[in-house]
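# Examining the three-dimensional arrangement
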Amino acid sequence: MGTIAIAILASAVSLTPNSHGVVANDRVDLIEVNHVYDERGRLSFSQIIFYDWSPRVGRFQVRAWRMLKTQSQIPHRDWTTNDFVAVWHDEGILREVHADNFRESWTQHDPELIEREHLPKERRRELEHLVKLKTNR
């Protein structure tokens, strides 16, 4: 699927309210699409990792991650705000995450697992902000 088609699909998803009329809208400092390969060079899995910048430790820290299940989850550039935006249905809600920065990586290790050595999962701030959509019902 081409980049333009993905952007159009992601935009359409972001304009379609879910059945509950609720969207989870978050902002992070960096969104990374990470592809993890095994020792034979075969793709094991792809994931989206969301990071916040920590001035205290001087680096990005993982805030949350999700498995990349469809191409429509890949962040697209919103040229009106200059943000990178990832939109997808996440456990029954429509989730939209905005970031100033985006990167894509191909690794033989899982950066999210390595990050647990620096910031344990239970100390992370999860994606969570919910906003009611204005619908004409």
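Before going into details, it helps to say that this report is about the structure given with it. (Residues numbered from 1 in each chain as written. Predicted model: local features only at pLDDT ≥ 70, side-chain atom pairs only at ≥ 80, totals over all residues. Heavy atoms only, no water.)

## Brief notes about the overall build of the chain
Along the backbone of the chain there are 2 helices and 7 strands. In sequence order, the secondary structure elements of the chain are arranged as α-β-β-β-β-β-β-α-β. Buried residues in the chain amount to 42% of all 137 residues. Accessible area for the chain stands at about 8500 Å²; split by element, carbon and sulfur atoms hold 54% of it. (Helix = DSSP H or I, 4+ residues; strand = E, 2+ residues; numbered from the N terminus. Buried < 20%, exposed > 50% of the residue type's maximum accessible area, 1.4 Å probe, protein only. Areas by Shrake-Rupley, 256 points an atom, 1.4 Å probe, with all protein chains shown as cover.)

## Digging into the nonpolar core
Of all hydrophobic cores here, the largest spans 13 residues; its most connected members are Val28, Ile31, Ile48, Phe50, Trp88, Val97 and Leu127. Contributing elements (two or more residues each) for this core: β1 (22-37), β2 (43-54), β5 (83-90) and β6 (93-107). A total of 3 residues in this core trace back to one element, the largest contributor, which is β1. Contacts of valine 97, omitting those with residues within four sequence positions, involve Asp26, Val28, Ile31, Phe50, Phe84, Val85, Ala86, Trp88 and Leu127. (Core = buried A, V, L, I, M, F, W, Y, C linked by side-chain atoms within 4.5 Å. Contact = heavy atoms within 4.5 Å.)

## Remarks on the packing of aromatic side chains
In total, this model carries 4 aromatic pairs according to the counting rule given. Judged by centre distance (5.7 Å) and plane angle (10°), the ring pair of phenylalanine 50 and tryptophan 88 falls under stacked. Here the residue phenylalanine 50 occupies a position in strand β2, and tryptophan 88 occupies one in strand β5, the gap between them amounting to 38 residues. On the accessibility criterion, phenylalanine 50 (0% relative accessible area) is buried. Pairing tryptophan 53 with phenylalanine 60 gives two aromatic rings, centres 5.0 Å apart and planes at 75°, and the pair type is edge-to-face. Members of the aromatic cluster, connected to one another through ring pairs, are Tyr51, Trp53 and Phe60. The ring of tryptophan 79 carries arginine 77 above its face, with NZ or CZ at 5.1 Å from the centroid. (Phe/Tyr/Trp six-rings, centres within 6.5 Å; stacked < 30°, edge-to-face > 60°. Lys NZ or Arg CZ within 6 Å of the ring centre and 35° of its normal.)

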